[in-house]
Amino acid sequence: MIKEKVKIVEVGARDGLQNEKTIISLSDKLKFITLLCETGLQTVEVTSFVNPAAIPQMADAEQLFTLVKKNLRSKKINFPCLVPNVQGYEVAKKIGVEEIALFSSTSDSFSKKNVNASVDETFKRMEEVAILAQRDNIKIRGYISTAFGCPYEGRIDLKKLMNVTERFMQLGVYEVSVGDTIGVATPGQVRESLKLLKKEFSLDKIAMHFHDTRGMALTNIHVSVEEGIRTFDSSAAGLGGCPYAKGATGNVATEDVWYLLESLGFETGIDISKLAFASEFILECLKKKTGSKFLRAYLSTGKT
Ligand code: MG
């Protein structure tokens, strides 16, 4: 029987590491990404062209991407990079980035704290970048943060989520990733949101990005699968904490997502032993233990 495929967007090297305090060297980042590229993952987010003063972990973005391109080009893997503005875009384009990710929150309060601009101002900035990217034939992915809840505004009204999704589609994104940045989404809320989203948008242009801060990520992914979503963002070993909840977990671990989706009969294309190897490597660099329950069990027993 042929299994239905699901796509996993590996965000560990960017979204994961940018929320880790220990600064990882350029060569270790390259090694981590190289190992991730051997797992069967088709999309590996590399870095973010942000102001290094704001996020020191991403200060080597230009060098890292250049090395990834030089060493891993033949793998035919997508290597998206975050771009916050036209300046970041110009750097990314110059060194051959072929896919960018643009990001906005649903809430003005979060947006102002995060990027010092309202949602409207953020979209104006992104429109400038999107026009250039389309001219240059560079693919665009969209990221919605605080899609379900905001640390300052609480639960997000569905209308806001619909509106921001629509605005991303108008930017010409091929896919928008709906992110539960602070890990508050509940299965009922996810189902309700997806029922509405799929009335307006094609589900193959929507990805879900869950955080496991309150232990709901896998349940929310299961609900999303039932509603027809086939693309999920996740982070190897569950890298990246939650800046809005000290000591809490952030990104759902790719290993946990792998176990759930494969058990539901889907094909992720990932070799779990190779993924665990990549995760072990980066965990050693960070000198930390994984938040992934599956990975802990797997590393201790060697069995799925
Ligand atoms: Mg995340």
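Refer to the structure printed above.
Remember, predicted model here, so these are calculated numbers, not experimental data. (Residues numbered from 1 in each chain as written. Predicted model: local features only at pLDDT ≥ 70, side-chain atom pairs only at ≥ 80, totals over all residues. Heavy atoms only, no water.)

Trainee: Residues and numbers for the overall build of the protein, please.
Mentor: The number of helices and strands found in the protein is 12 helices and 13 strands. Scaling as 2.2 N^0.38, a compact globule of 304 residues should have a C-alpha radius of gyration of about 19 Å, and the protein matches this with 18 Å. The principal-axis extents of the C-alpha atoms in the protein amount to approximately 50 × 45 × 40 Å. Across the 304 residues of the protein, 55% fall into the buried class. Of the side-chain charges in the protein, 40 are positive and 37 negative, and the distance between the mean point of each set is 2 Å. (Helix = DSSP H or I, 4+ residues; strand = E, 2+ residues; numbered from the N terminus. Rg over C-alpha atoms; globule rule 2.2 N^0.38 Å. Buried < 20%, exposed > 50% of the residue type's maximum accessible area, 1.4 Å probe, protein only. Lys, Arg positive; Asp, Glu negative; His and termini not counted. Charge placed at Lys NZ, Arg CZ, Asp CG, Glu CD.)

Trainee: Break down the coordination of the magnesium ion for me, with residues and values.
Mentor: Coordination of the magnesium ion by the protein comes from Asp15 (OD), His209 (NE2), His211 (NE2) and Asn251 (OD1), over a distance range of 2.0 to 2.2 Å. One chain supplies every donor for the magnesium ion, spaced along it as D-x193-H-x1-H-x39-N. In this pair, Asp15 sits in helix H1 (residues 12-16) while Asn251 sits in the loop between strand E12 (231-234) and helix H10 (254-263), placing the two residues 236 residues apart along the sequence. As far as the burial class goes, Asp15 and Asn251 line up, both buried. (Donors = N, O, S within 2.8 Å, 3.2 Å for Na, K, Ca; no water.)

Trainee: Could you give me a rundown of the nonpolar core, with the residues and numbers involved?
Mentor: In terms of nonpolar packing, the biggest core is built from 92 residues, with Ile33, Phe79, Ile100, Phe168, Ile206 and Met208 touching the most fellow members. With nine residues, helix H11 (residues 272-286) is the single largest residue contributor to this core. Setting aside its immediate chain neighbours within four residues, Phe79 contacts Ile33, Cys37, Val44, Val46, Phe65, Val68, Leu72 and Glu99. Counting residues in each nonpolar core, the second largest holds six residues, with Val11, Ala101, Phe103 and Tyr143 among its members. (Core = buried A, V, L, I, M, F, W, Y, C linked by side-chain atoms within 4.5 Å. Contact = heavy atoms within 4.5 Å.)

Trainee: Can you break down the pattern of salt bridges residue by residue, with the values?
Mentor: What the rule picks out here adds up to 21 salt bridges. Among the salt bridges present, the one from Lys288 reaches Glu20, with a minimum N-O distance of 2.8 Å. Of this pair, Lys288 sits in the loop between H11 and helix H12 (293-301) while Glu20 sits in the loop between H1 and helix H2 (26-37), placing them 268 residues apart in sequence. For Glu99, the salt bridge goes to Lys139, with nearest N and O atoms at 4.0 Å. Taken as a pair, Glu99 in strand E6 (residues 99-105) and Lys139 in strand E7 (residues 139-145) lie far apart in primary sequence, 40 residues in all. Residue Glu99 is classed as buried on the basis of its relative accessible area of 3%. Judged by its relative accessible area of 40%, Lys139 is partly exposed. Connected through shared salt-bridge partners, Arg191, Lys195, Lys198, Glu226 and Glu227 make up one network. (Salt bridge = Lys/Arg side-chain N within 4 Å of Asp/Glu carboxyl O.)

Trainee: For the packing of H2 against H11, give the residues involved together with the corresponding values.
Mentor: Viewed as axis vectors pointing N to C, H2 and H11 meet at an angle of 165°, and their least axial separation amounts to 8 Å. With respect to their mutual orientation, H2 and H11 come out roughly antiparallel. Of the two possible hands of crossing, H2 and H11 adopt the one that is left-handed. In contact with Asp28, Lys31, Phe32, Leu35 and Leu36 of H2, H11 contributes Leu275, Phe277, Ala278, Phe281, Ile282 and Cys285. Considered class by class, the residues forming the contact of H2 with H11 number nine nonpolar, no polar and two charged. (Axes fitted to C-alpha atoms, helices over the stretch in contact; angles between N-to-C directions. Parallel < 35°, antiparallel > 145°, perpendicular 65-115°, else oblique. Left-handed = near helix turned anticlockwise from the far one by under 90°. Nonpolar A, V, L, I, M, F, W, Y, C, P; charged D, E, K, R; others polar.)

Trainee: How would you explain helix H6 (residues 119-135) if you had to name every residue and give the values?
Mentor: Given 3.6 residues to a turn, an α-helix orients residues that are three or four positions apart in the same direction. If you check H6, its first and last C-alpha atoms are 24 Å apart, about what 17 residues at 1.5 Å a residue would give, namely 24 Å. Those residues of H6 that are buried lie in contact with helix H4 (86-94), E6, helix H5 (108-115), E7 and helix H7 (158-170). (Expected span 1.5 Å × (residues − 1).)

Trainee: Requested: an account of unusual backbone geometry, with residues and values cited.
Mentor: Although it is not a glycine, Asn116 sits at a positive phi angle of roughly 60°. Relative to the elements of secondary structure, Asn116 occurs in the loop between H5 and H6. Unusually for a residue other than glycine, Lys287 sits at a positive phi of about 55°. Turning to its location among the elements, Lys287 is positioned in the loop between H11 and H12.

Trainee: Can you break down the packing of aromatic side chains residue by residue, with the values?
Mentor: Applying the stated criterion to the full structure yields nine aromatic pairs. Every member of this aromatic cluster is reached through a ring pair, and the members are Trp258, Tyr259, Phe294 and Tyr298. For the cation-ring pair, Arg14 lies above Tyr143, with the distance from its terminal atom to the ring centre recorded as 5.4 Å. In this arrangement the basic side chain of Lys139 is found over the ring face of Tyr174, its NZ or CZ atom lying 4.5 Å from the centre. (Phe/Tyr/Trp six-rings, centres within 6.5 Å; stacked < 30°, edge-to-face > 60°. Lys NZ or Arg CZ within 6 Å of the ring centre and 35° of its normal.)

Trainee: Outline the sheet that holds E12, supporting the account with residue identities and numerical values.
Mentor: In spatial order, the strands read E3-E2-E12-E11-E10-E7-E6-E5-E4; together these nine strands make up an open sheet with parallel pairing. Every interior strand has two partners, whereas the edge strands, strand E3 (43-44) and strand E4 (47-48), have only one. Judged from the two bridges that link them, strand E11 (residues 206-209) and E12 form a sheet pairing that is parallel. The residue bridging Met208 from the neighbouring strand is Phe232, located in E12. (Pairing = 2+ DSSP bridges.)

Trainee: Lay out the pairing of E12 with the relevant residues and their values.
Mentor: Covered by surrounding structure in E12 are Thr231 and Asp233 together with Phe232 and Ser234, the residues of both alternating faces. Bridge analysis of strand E2 (residues 7-10) against E12 gives four bridges, and the strand direction is parallel. Residue pairing for E12: Glu10 is matched across the bridge by Ser234.

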